[in-house]
Amino acid sequence: MSFQPNAGDSISINGKTYTVGQHPAAPGLAYAQAGRQGIVYQLIPQNGGPEEAKALKVFFPKFRIPAMVYQSETMEIYSESPGLQVCKRDVLTPERNGELITEHPDLLYAVLMPWVHGVTWFDVIAEQKQLKRTESLALAKALAAIGSGMEQRGLAHCDLSAPNVMLPFFSEVDMPGKKSVVELVDVEQMYSPKMDRPDVLLSGSPGYAAHRTVQSGLWSAYADRFAGAIIIAEMLGWCDPHVVEKAWGESYFDQHEMQNPCERYFVLKKSLERNWGTKVSELFARAWESQDISSCPTFGEWLVVLSSMNGNELPQPQAEAEPAAEPGKAEAAGPRSKGALETAAAAAALPDMEEQAPRRTAAGAAESGNEHGVVDRLFNQAREMEQKGDLKGALEVYRSAHHFVPAGSPMQVELEAAIAGLEETLNPKPQEQPSGKIPFYRSRKWLAAGIAALILVVGSAFAVNQILADRAEQKEAEALAKQQEEARKAELQKLEEEKRKQAEAEAQRKQAEEKRKKEEAEKKRKQEEAIKLAKQKEEKQKLQQKYEQQAKYEAYLAKKKLAEEKKKAAEKQRLQELYEKQAQYEAYLKQQKILQEKLEQQRIQQAKEAAARKQQQARELQKRRSNQVVQLIASYNQAYNAQKTGNTSKARQYALNFISLYEKDAAYFKTVGKVSSRANAIYKFLANTGYILPNI
């Protein structure tokens with residue numbers, strides 16, 4: 001039968017009894033929550049309180065997968081991680097829970113896990129419940145910390161959405177130990193390098209799925225980045241009444257608006273920048289404008305920015321630049337284009353950015369310590385990706401690191417150079433086309449001609465005469481200088497000739513000297529070589545004799561060693577045979593002993609089973625005879641009562657029933673009480689219906 005419990009019903013799972021919880025908003029109904037994959041029921045231990053409650057998730061037939069057992073065993077190691085306590089799961093299987101599943105087939109592969117108290121982020125959005133600024137920051141920081149921890153272990157939820165984000169932060173139930181701020185549920189689609197890909201993949205929830213990937217299933221280490229950015233932005237924006245009023249319904253965005261320029265996007269972005277600073281707004285914009293989920297900011301980037309904000313020193317929101325338009329005027333203005341909306345939002349954000357600039361500068365020193373390690377880690381990661389050839393991924397990581405470096409720092413210069421180089425490699429600029437002919441009025445020839453004409457027009461007679469006089473004096477000076485230069489050149493040529501002759505004579509002398517030295521060196525070299533060859537020949541003969549003696553000695557040693565090795569091998573062979581025989585004998589004795597023990601155990605077991613069967617048969621025979629004695633007494637009494645009432649035919653029928661049962665085991669019934677007396681009376685009655693049955 002299908003599993004449809006009522007509030008207060010009891011159910012026993014793995015030896016522990018639970019009571020189905022009652023829905024707080026609907027007394028008398030079971031506390032159940034329906035999801036995309038199944039229904040979750042609240043179970044409270046009979047001997048425990050609400051803090052020990054469990055969640056029983058009953059899957060729809062499509063999602064009842066046997067591999068859920070292995071998946072849950074693998075997940076259990078993650079249950080100690082923040083926000084993942086539901087990974088501590090127990091799957092109901094036919095082997096361990098056969099009777100329960102036989103009674104309720106819907107419980108096949110159902111999952112028992114901790115119950116998370118509190119509302120969901122979906123409830124907060126649907127009720128349009130505005131949060132305090134400290135609450136918004138606490139929730140966003142907690143979700144970023146959970147996502148960062150999961151990314152560091154290579155994990156991803158793969159269906160991150162408002163209904164799957166629980167908020168124990170708002171729960172009134174006192175839990176033992178430290179209370180969680182945020183918990184994730186519906187982890188059946190979780191990605192891990194240690195787990196197999198699910199048979200059925202979900203494509204994200206409306207309002208949180210990136211439109212570029214919504215057609216395909218999400219199952220990778222990057223799957224949560226876009227949806228996580230949207231939820232963190234919602235949490236941070238939910239302290240702003242303008243954002244709360246603009247919410248679409250079950251989520252802030254309508255699915256058709258995702259990653260498209262729309263009014264809700266600009267309202268939320270402006271609110272984030274006004275209330276939380278430029279860095280938060282930029283992270284949200286990067287996620288919104290990303291081409292793929294791996295390009296979205298990591299949860300670690302969100303955590304660095306949010307952790308730098310002290311809860312007691314939050315940036316104060318700036319007043320709106322312009323008052324909100326009246327409803328009537330807004331309707332009269334009519335719909336504006338996307339470009340107009342974007343321009344208006346950017347213009348409204350400028351005053352806020354100018355007012356917050358000094359505050360961000362003052363906070364930069366406090367943030368630099370936290371951000372330095374992040375920048376180094378991102379920079380090294382990008383370098384590794386660049387070396388492996390993943391230029392696109394390296395570019396995205398460089399851009400992520402660029403958001404955290406101070407302006408004008410050496411790291412900023414290095415990052416900007418790396419980003420520019422990768423952008424040029426990935427997006428090469430087209431070659432510039434040669435321009436047309438230069439206009440005549442910009443050519444050098446035309447400019448020179450114009451200048452000369454200008455000089456001729458404005459020149460005077462005095463200037464011309466002065467120029468001619470200067471030229472005459474210059475010619476005389478040039479002639480004198482030319483004569484002096486020719487005389488100097490002739491003197492130099494004479495000196496060069498003498499130097500050349502001296503150099504040639506010196507070269508001939510040096511050449512003769514070198515030739516003599518070479519001949520002497522050659523003669524000396526030949527003598528030394530002859531002496532050296534004689535010594536080498538003598539040494540070679542001595543070495544040859546030593547080698548022959550050494551070879552004979554080594555041959556003797558090798559022969560001796562071979563004989564010893566053969567002797568040792570023979571001895572080892574003999575000992576090995578003895579060991580093997582001993583081992584075979586011991587193995588034989590051990591096998592005989594085991595065989596005798598098995599036979600003895602079988603004999604004892606058979607004797608026990610035979611004795612048990614006899615005892616069982618005796619008990620069954622005794623039980624059957626006792627029931628038959630009761631039936632005999634009842635048949636006699638019925639016959640007696642029928643005779644008393646004058647119904648002889650009915651009395652005779654009861655008497656025949658008595659005799660039929662009595663004759664099946666007459667020898668035993670004669671020994672039991674007054675059964676034999678009753679039998680004699682019945683026989684007499686059957687022989688003579690006039691016989692009056694005694695009251696025995």
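Residues numbered from 1 in each chain as written. Predicted model: local features only at pLDDT ≥ 70, side-chain atom pairs only at ≥ 80, totals over all residues. Heavy atoms only, no water.

- The protein chain goes by Protein kinase domain-containing protein in an unreviewed UniProt entry, where it is assigned to Paenibacillus cookii.

### Remarks on unusual backbone geometry
- Phi at aspartate 186 takes a positive value of approximately 55°, unusual for a residue other than glycine.
- If you trace the backbone, aspartate 186 turns up in the loop between β10 (183–184) and α5 (225–237).
- The exposure class of aspartate 186 is partly exposed, given its relative accessible area of 22%.
- Of note, glutamine 259 is a non-glycine position whose phi angle comes to about 60°, a positive value.
- Checked against the element boundaries, glutamine 259 lands in the loop between α6 (241–246) and α7 (263–276). (Helix = DSSP H or I, 4+ residues; strand = E, 2+ residues; numbered from the N terminus. Buried < 20%, exposed > 50% of the residue type's maximum accessible area, 1.4 Å probe, protein only.)

### Structural notes on the packing of helix α4 (residues 133–152) against α5
- Where α4 meets α5, the axes come as close as 8 Å, and the angle between the chain directions of the two elements is 165°. Judged by the inter-axis angle, α4 sits roughly antiparallel to α5. With respect to the hand of their crossing, α4 and α5 are arranged in left-handed fashion. Residues Ser136, Leu137, Leu139, Ala140, Leu143, Ala144 and Glu151 of α4 pack against Arg225, Ile231, Ile232, Met235 and Leu236 of α5.
- Here the contact of α4 with α5 is composed, by residue class, of nine nonpolar, one polar and two charged. (Axes fitted to C-alpha atoms, helices over the stretch in contact; angles between N-to-C directions. Parallel < 35°, antiparallel > 145°, perpendicular 65-115°, else oblique. Left-handed = near helix turned anticlockwise from the far one by under 90°. Contact = heavy atoms within 4.5 Å. Nonpolar A, V, L, I, M, F, W, Y, C, P; charged D, E, K, R; others polar.)

### Let's talk about helix α16 (residues 648–662)
- Relative to the 21 Å expected for 15 residues at 1.5 Å per residue, α16 spans 21 Å between its end C-alpha atoms, a close match to the ideal helical length.
- Taken residue by residue, α16 has Ala651, Ala655, Phe658, Ile659, Leu661 and Tyr662 as its buried positions. Seen from one end, α16 has its buried residues packed into an arc of 165°, which puts them on one side. (Expected span 1.5 Å × (residues − 1). Arc of directions from axis to C-beta.)

### Regarding the nonpolar core
- Core analysis: the largest hydrophobic core is formed by 86 residues, its most contacted members being Trp121, Trp238, Phe253 and Phe284.
- Take this core: its biggest share by element is nine residues, from α5.
- Once residues within four sequence positions are removed from consideration, phenylalanine 284 is found in contact with Ala229, Ile230, Ala233, Phe253, Tyr265, Leu268, Lys269, Leu272 and Trp302.
- Within the second largest apolar cluster, 20 residues are counted, among which are Leu632, Ile659, Ala681 and Phe685. (Core = buried A, V, L, I, M, F, W, Y, C linked by side-chain atoms within 4.5 Å.)

### A short note on α4
- Taking 1.5 Å as the rise per residue, α4 with 20 residues should run 28 Å; its terminal C-alpha atoms sit 28 Å apart, in good agreement.
- Glycine 154 sits one or two residues past α4 and shows a positive phi near 75°.

### Observations regarding the side chain of glutamate 135
- With respect to the helices and strands, the residue glutamate 135 is situated in helix α4.
- An unpaired buried charge is present at glutamate 135: no salt bridge exists, and lysine 132, the closest side chain of opposite charge, is 4.8 Å distant.
- Within polar-contact distance, the side chain of glutamate 135 engages the backbone nitrogen of lysine 132 at 3.0 Å.
- Contact partners of glutamate 135, with chain neighbours within four places excluded, come to Phe169 and Phe170. (Lys, Arg positive; Asp, Glu negative; His and termini not counted. Salt bridge = Lys/Arg side-chain N within 4 Å of Asp/Glu carboxyl O. Polar contact = N/O pair within 3.5 Å; in protein donor to acceptor, adjacent residues only side chain to side chain.)

### Let's talk about the sheet that holds β10
- Reading across the sheet, the three strands line up as β8-β9-β10 and stay open at both edges, with antiparallel pairing between neighbours. One side of each edge strand has no neighbouring strand; the edge strands of this open sheet are β8 (119–120) and β10. (Pairing = 2+ DSSP bridges.)

### Quick look at the side chain of serine 161
- Residue placement: serine 161 occurs in the loop between α4 and β9 (165–167).
- Those residues in contact with serine 161 that lie beyond four places of it in its chain are Ser205, Tyr208 and Ile231.

### Considerations on the pairing of strand β5 (residues 54–59)
- Of all six residues making up β5, five are buried, and the element is well covered by its neighbours.
- Examined bridge by bridge, β5 and strand β7 (residues 111–114) share four bridges and lie antiparallel to one another. Note that in β7 the partner of alanine 55 across the bridge is methionine 113.

### Side note on the packing of aromatic side chains
- In this structure the tally under the stated criterion is 15 aromatic pairs.
- Residues tyrosine 252 and phenylalanine 253 carry aromatic rings whose centres are separated by 4.7 Å and whose planes lie at 85° to one another, so their mutual orientation is edge-to-face. The exposure classification of tyrosine 252 matches that of phenylalanine 253, with both residues buried.
- Taken together, a centroid distance of 4.8 Å and an interplanar angle of 15° make the contact between tyrosine 265 and tryptophan 288 stacked. (Phe/Tyr/Trp six-rings, centres within 6.5 Å; stacked < 30°, edge-to-face > 60°.)

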